[in-house]
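As a plain string of letters, each chain reads:
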Amino acid sequence: MKNQKTLALIESALMIAIAMVLNEFVKIGKIWALGGGITLCSMLPLVFISYRHGVKQGLFTAFVFSLLQLVLGMKNVHYGQNFVQMAGIALLDYIIAYSVIGFAGIYKGMFGKGKELIEIMLGILVSMLLRFLCHYLSGFFIWEALWPNEHHYTSHAWSFIYNASYMGPETLLTMLVAFLSFIPLKKIWLNERI
């Protein structure tokens, strides 16, 4: 049991490092304004930990990752004009947005043996949708207040379009790479002895 906890911590540290490198240095296409962008599956290492070691370890790992992202994204937090806006950006665009990726393992064991790939795909989809929701709410409630739109009714649409423009491709790419890596890495994904 102690060895399993140690292994989970070591793997979490390694996956955080890999996720950081992918998130910061492997961007696909043009980087969106204020930090949005498509990365080469930077969330997949966090998904891996959540599915392999459970949601509790996944949430812890994703939370640590979120704190590192917050430190790197501090310039965006400073756009807030008051404490509430700054706290909202920190929470919705960083801490909560990245921590929810830890829920990716929530379906583990739900569909039975042989259905693990379905569980992983659903976990990715749900956790990335939760992340999208955080960014969307931040765009609508906070960023709209910082740069008001003349036609307030369109701010829902702009937040949706802006965040979906990078979160959609990021989610699909993450699902594709998870699908392609599952068979060759099945024993590792499922935490089986090699």
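Please read all numbers here as calculations on a predicted model, not as lab measurements. (Residues numbered from 1 in each chain as written. Predicted model: local features only at pLDDT ≥ 70, side-chain atom pairs only at ≥ 80, totals over all residues. Heavy atoms only, no water.)

Participant: Could you clarify how one ought to interpret the nonpolar core in this entry?
Facilitator: General note: in soluble globular proteins, nonpolar side chains tend to be found buried as a group. Met43, Leu46, Phe65 and Ile124 are the most contacted members of the largest nonpolar core, which has 37 residues in total. When contributions to this core are tallied by element, the ones reaching two or more residues are helix 1 (2-25), helix 2 (44-53), helix 3 (55-72), helix 5 (83-99), helix 6 (116-146) and helix 7 (155-182). The element that contributes the greatest number of residues to this core is helix 6, accounting for 9 residues. Sequence-distant contacts of Phe65, defined by excluding residues within four places in its chain, comprise Ile16, Ala19, Met20, Asn23, Met43, Leu46 and Tyr98. (Core = buried A, V, L, I, M, F, W, Y, C linked by side-chain atoms within 4.5 Å. Buried < 20%, exposed > 50% of the residue type's maximum accessible area, 1.4 Å probe, protein only. Helix = DSSP H or I, 4+ residues; strand = E, 2+ residues; numbered from the N terminus. Contact = heavy atoms within 4.5 Å.)

Participant: Just checking my understanding: could you explain the packing of helix 2 against helix 3 for this structure?
Facilitator: Think of two packed helices as two axes; the pair is described by the angle between the axes and how far apart they sit. Contact geometry of helix 2 with helix 3 gives a least axis separation of 6 Å together with a crossing angle of 155°. Overall, the two elements helix 2 and helix 3 adopt an arrangement that is roughly antiparallel. Remark: the crossing between helix 2 and helix 3 carries right-handed chirality. Contacts from Leu46, Ile49, Ser50 and His53 in helix 2 reach Val55, Gln57, Gly58, Thr61, Ala62 and Phe65 in helix 3. Looking at side-chain class alone, the contact of helix 2 with helix 3 contains 5 nonpolar, 5 polar and no charged residues. (Axes fitted to C-alpha atoms, helices over the stretch in contact; angles between N-to-C directions. Parallel < 35°, antiparallel > 145°, perpendicular 65-115°, else oblique. Left-handed = near helix turned anticlockwise from the far one by under 90°. Nonpolar A, V, L, I, M, F, W, Y, C, P; charged D, E, K, R; others polar.)

Participant: Would you explain helix 3 in this entry?
Facilitator: In an α-helix, one turn spans 3.6 residues, which is why side chains three or four residues apart end up on the same side. In a regular helix each residue adds 1.5 Å, so 18 residues correspond to 26 Å; helix 3 covers 25 Å between its end C-alpha atoms and thus fits that length. Those residues of helix 3 lying buried are Gln57, Gly58, Thr61, Ala62, Phe65, Ser66, Gln69 and Leu70. (Expected span 1.5 Å × (residues − 1).)

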